[in-house]
Amino acid sequence: MSKEIIRDNIIDTIIEGAQERKGHNITIVDMSLIEDTPVSKFVIVEGNSRQQVAAIADSVREYVQEHASQKPYNYDGYVNSEWIVIDYGHILAHIFVPEARQRYNLEDLWADAQITEIPDLD
C-alpha cells in the first residue's frame, strides 16, 4: 500500500473519529505541494467546549488506533483543552474551541494550501 493511500486513510479515520463526538467545521489543509512545510496535511476540527475538545481528541486517538492501526507520535494541549494537537507524522490533527480556532486561524496562515471543507453530519 502506498504512503499516500495510508495518509488518506488516516485522514478519513481522523474525520470519522472526530465526527463520533460531534466534531464540526472540519477542514483539511493540504500543504503537500508547498515546499519546506513541516507536515503535508492538517485536519482542523472544532468542538463547542473544552470538554468536547478533549472528548473529540480522545475519540480521534482511539478511532485511528482501532481502525488504522496507527498510534500518534505525540499529542499536546489537554491541560487547558482549548487547542489539542495530535501528531501522526505527516498529518497533524488540530482540535479547537471556536475562540482559539479564530485566534490562530490556521486556514489563513496556510492560505496558499489546498483547503477542503468537510460538511457537518447534522
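Please refer to the structure higher up on the page.
A brief look at the structure comes next. All figures in this text were calculated on a predicted structure; none of them were measured in a lab. Residue indices begin from 1 for each chain and proceed along its sequence in written order. Local features in this predicted model are restricted to residues whose pLDDT is 70 or higher, and side-chain atom pairs enter the listing and the counts only when it is 80 or higher, whereas totals over whole chains, interfaces and linings include all residues. The basis for every side-chain value is the complete set of non-hydrogen atoms in the structure, without hydrogens or water.

Let's talk about the pattern of salt bridges
Inclusion rule: In what follows, salt bridge is the name for a side-chain nitrogen of Lys or Arg lying within 4 Å of a carboxyl oxygen of Asp or Glu. Helix and strand assignments follow DSSP, with helices taken as H or I runs no shorter than four residues and strands as E runs no shorter than two, numbered in order from the N terminus. Any residue under 20% of the maximum accessible area for its type is buried, any over 50% is exposed, and the rest in between are partly exposed; the area is computed with a 1.4 Å probe on protein chains only.
Under the definition given, this model contains 4 salt bridges. Salt-bridge contacts for glutamate 82 lead to arginine 50; the nearest nitrogen and oxygen are separated by 2.5 Å. You can see glutamate 82 sitting in the loop between β3 (74-76) and β4 (83-87) and its partner arginine 50 sitting in helix α2 (residues 50-68), a full 32 residues away along the chain. The partner of glutamate 107 in a salt bridge is arginine 101, with the nearest N and O atoms 2.5 Å apart. We classify glutamate 107 as buried; its relative accessible area is 15%.

Looking at α2
The condition is simple: Helix span, expected: 1.5 Å multiplied by one less than the number of residues in the helix.
For α2, spanning 19 residues, the distance from its first C-alpha to its last is 26 Å, which sits close to the expected 27 Å at 1.5 Å a residue. When α2 is considered as a whole, its buried residues turn out to be Gln52, Val53, Ala54, Ile56, Ala57, Ser59, Val60, Arg61, Tyr63, Val64 and Ala68.

Description of the packing of aromatic side chains
The following threshold applies: For Phe, Tyr and Trp, rings pair up if their centres lie within 6.5 Å, where Trp contributes its six-membered ring, and each pair is then called stacked (planes under 30 degrees apart), edge-to-face (over 60) or tilted (otherwise). The criterion for a charge sitting over a ring is simple: Lys NZ or Arg CZ within 6 Å of the ring centre, and within 35 degrees of the ring normal.
Applying the stated rule across the entire model yields 4 aromatic pairs. With 5.8 Å between their ring centres and 80° between their planes, tyrosine 75 and tyrosine 78 make a pair best called edge-to-face. The partly exposed category is assigned to tyrosine 75, whose relative accessible area is 36%. Ring geometry for tryptophan 83 versus tyrosine 104: centroids 4.6 Å apart, planes at 45°, classification tilted. Taken together, the residues tryptophan 83 in strand β4 and tyrosine 104 in helix α3 (residues 98-104) connect sequence positions 21 residues apart. Residue classification places tryptophan 83 among the partly exposed positions, given a relative accessible area of 27%. One aromatic cluster is present, formed by Trp83, Phe96 and Tyr104 through successive ring pairs. Between the NZ or CZ atom of arginine 61 and the centre of the ring of tyrosine 75, over which it lies, the distance is 3.9 Å.

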